[in-house]
Every structure is written in C-alpha cells, then in structure tokens.
Amino acid sequence: MRKKIIAGNWKMNMTPSQAVELVNTLKPLVANEEVDVVFCVPAIDIIPAIEAAKGSNIQIGAENMYFKDNGAFTGEISPDMLVDAGVKYVIIGHSERREYFAETDETVNLKVVKAFEKGLTPIICCGESLIQREQGVTMDWIRMQIKIAFQNVTAEQAATAVIAYEPIWAIGTGKVATTEQAQEVCSGIRACIAEIYDEATAAAIRIQYGGSVSAASAPELFAQADIDGGLVGGASLKPDFGKIVNYK
C-alpha cells in the first residue's frame, strides 16, 4: 500500500518570517502520520522553515535546484546546498519553470538524475495545456515527458520518486480536472513507468494530482486507485491545507 504524499508548493510567496509563522500555524493542523506532509518553499525560506518544523511531521522541500554541484552559476542553488540544509524533496520541472524560465525535458532529466545522485527525492512534474487536451494528445505528451525525465534512472531509484500530474489548464485557475480525468492520466503514467521498468516499480512509485486542489476536491481525488496525494499550490498557504492533509 503506497503512503499518500501531500506537498505544498509555496511558489514565490512568504518571507522568512512569514514562513516561520505559517509553519507554526499549520503544524497542529497537518499532524497526520498516515500521510507524508511536505512544504516546498522558496530557497531563502528553507533554513528557517526547517527550524520551525522540527519536532513535527512536516518535511521541507525545495521548489527547484540546478544540476551542477557548484560553479559559476549566479542565482542558482545546488543539490549539495539543499542536502546540507536538511532538505528531503525537490520539485523538478514544474510547468511554471518550463514556461517562464525555459526549462526543457532534457534539463528536467539532468536535475532528476542529479537529485537521485545526492539522495534527494524528486517530485517530477508533468502536464498538458488546454490546447493539447483538446487536440487529444494528452497521454502522448505526458508519456514523452515521463520517458525523457527517467532516462539514466535505475528502477530502484524510480520506485522512490514522486510524479506530480498537473494539467496546466487547472493550475491557479480554480478549474479542477474531473476525478475521472485525473485518474485516467495517473493510471496512464503508472502504465508508462511499467513499460520503462516493470510492474513492481510502477506499483511502488507515488503519483500526485495537482491543479487547484481544495479541501472539497481532495477526498474524491485521493480515493482513486492511482492518485497518491496532491501537489497543492495556493491552498497550501492557508489553514485549509490542514483539511486537505486530513482529507478522510
């Protein structure tokens, strides 16, 4: 039985002092040992958030990282920096990174490989645009993203990964994919992993749904056979995140 993982993606929100305040507010609200709870926070918030989360079930993740250990890469953050700070998870390939910062499937793959090398668990994002969905190429697009992301990744590593399916048309729009749409794609992702590796790896990997997840939509979404939790945006900055974590 796969343990649910519910991660908040704070995006570019919360100063360090605000981050501490939010963690302290949410700590008692997300105290659910049945799920893994992760706050993926801006780089400047990582250390204060880790300090604030001590003694709780909250794990702190990063929103991005570079695929080099160090060097002349002004403004980037290395995996070694994240590990040394105490980070466990890192979001890789979010649609906003792809759209606004020109990330490609190839750079996503480099980051995934590097994350595993350093002992970080990648939350690997994939998803289609509204046009792609209307054109009927959703699974073709997502299968391509998954196959490239997992190049040079072993089955043992892949089994520990997290994949976040986020239909781009549902991110921050208030629109949510229907339960049937979300389950269909997550099932297709699991089948793709089985093709790349084997059934055991596919059965082990955790697949989240993301895209305007709310306290109201979480119970039905998370009850689906191939949806193992959520990657939550705006709602993770509010007390309602506790209701999503305690969705039953």
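As shown above, the structure is provided for reference.
Attention in this report is confined to the structure presented alongside it. Along every chain, residues carry numbers that run from 1 in the direction the sequence is written. Only residues with pLDDT of 70 or above have their local features reported here, since the model is predicted, and side-chain atom pairs are shown and tallied only from 80 upward, although totals for entire chains, interfaces and linings are computed over all residues. Side-chain metrics in this entry use all non-hydrogen atoms of the structure; hydrogen atoms and water are not considered.

### A look at the environment of I142
Then step 1. Relative to the helices and strands, I142 is located in helix α7 (residues 138-149).
Then step 2. Look past the residues within four positions of I142 in its chain and what remains in contact with it is C126, G127, E128, Y165, V185 and I189. Only DSSP runs of H or I reaching four residues or more are called helices, and only runs of E reaching two or more are called strands; each is numbered from the N terminus. What makes two residues a contact is simply this: any of their non-hydrogen atoms within 4.5 Å.

### Here we look at the packing of aromatic side chains
Then step 1. Ring pairs are drawn from Phe, Tyr and Trp, using the six-membered ring of Trp, whenever the two centres fall within 6.5 Å, and their geometry is named by plane angle: stacked under 30 degrees, edge-to-face over 60, tilted for the rest. All chains considered together, the criterion is met by eight aromatic pairs.
Then step 2. For the pair F222 and Y247, a centre-to-centre distance of 5.2 Å together with 90° between the ring planes defines the contact as edge-to-face. One end of the pair, F222, is in helix α11 (residues 218-222); the other, Y247, is in the segment after α12 (241-245), and 25 residues separate them in sequence. Take F222 and Y247: they sit in the same class, and that class is buried.
Then step 3. Here a set of aromatic residues connected by ring pairs shows up, and it is made of W10, F39 and F241. Accessibility here uses a 1.4 Å probe with only protein chains present; expressed as a share of the type maximum, an area under 20% marks a residue as buried, one over 50% as exposed, and anything in between as partly exposed.

### Observations regarding helix α9 (residues 179-196)
Then step 1. Compared with an ideal rise of 1.5 Å per residue, which puts 18 residues at 26 Å, α9 spans 26 Å between its outermost C-alpha atoms and is within 8% of the ideal.
Then step 2. All of the buried residues in α9 are T179, A182, Q183, V185, C186, G188, I189, R190, C192, I193 and A194. For a helix, the expected span equals 1.5 Å multiplied by the number of residues minus one.

### Comments concerning the packing of helix α1 (residues 16-26) against helix α2 (residues 46-53)
Then step 1. Lines fitted to C-alpha atoms define the axes, with helix axes restricted to the stretch in contact, and inter-axis angles between N-to-C directions lie between 0 and 180 degrees. Between α1 and α2, whose axes approach to 9 Å, the crossing angle comes to 25°. Comparing their axes, α2 and α1 come out roughly parallel. Seen along the crossing, α1 lies across α2 with a hand that is right-handed. On α2, the residues touching P16, V20, V23 and N24 of α1 are P48, A49, A52 and A53.
Then step 2. Across the contact of α1 with α2, the residue classes tally to seven nonpolar, one polar and no charged. Throughout, the term roughly parallel applies to angles under 35 degrees, roughly antiparallel to angles over 145, roughly perpendicular to angles from 65 to 115, and oblique to all others. For any pair of crossing helices, the crossing counts as left-handed if the nearer helix is rotated counterclockwise from the farther one by less than a right angle, and right-handed if it is rotated clockwise. Charged residues are taken to be Asp, Glu, Lys and Arg, nonpolar residues to be Ala, Val, Leu, Ile, Met, Phe, Trp, Tyr, Cys and Pro, and polar residues to be all remaining types, Gly included.

### Quick look at the pairing of strand β1 (residues 4-9)
Residues in a regular strand project their side chains so that they alternate between the two faces of the sheet.
Then step 1. Counting buried residues along β1, six of its six residues qualify, which places the element largely inside the surrounding structure.
Then step 2. Of the two faces of β1, the one holding K4, I6 and G8 and the one holding I5, A7 and N9 are both buried throughout.
Then step 3. Seen with the strands pointing away from the viewer, any crossover whose path from the first strand over the helix to the second strand runs clockwise is right-handed. With α1 bridging β1 and its parallel neighbour strand β2 (residues 35-41), the resulting β-α-β unit is right-handed.
Then step 4. Where β1 lies against strand β8 (residues 229-232), four bridges are found, and the strand directions are parallel. For I5, the partnering residue across the bridge sits in β8 and is G229. Following DSSP output, two strands are said to pair if at least two bridges run between them.

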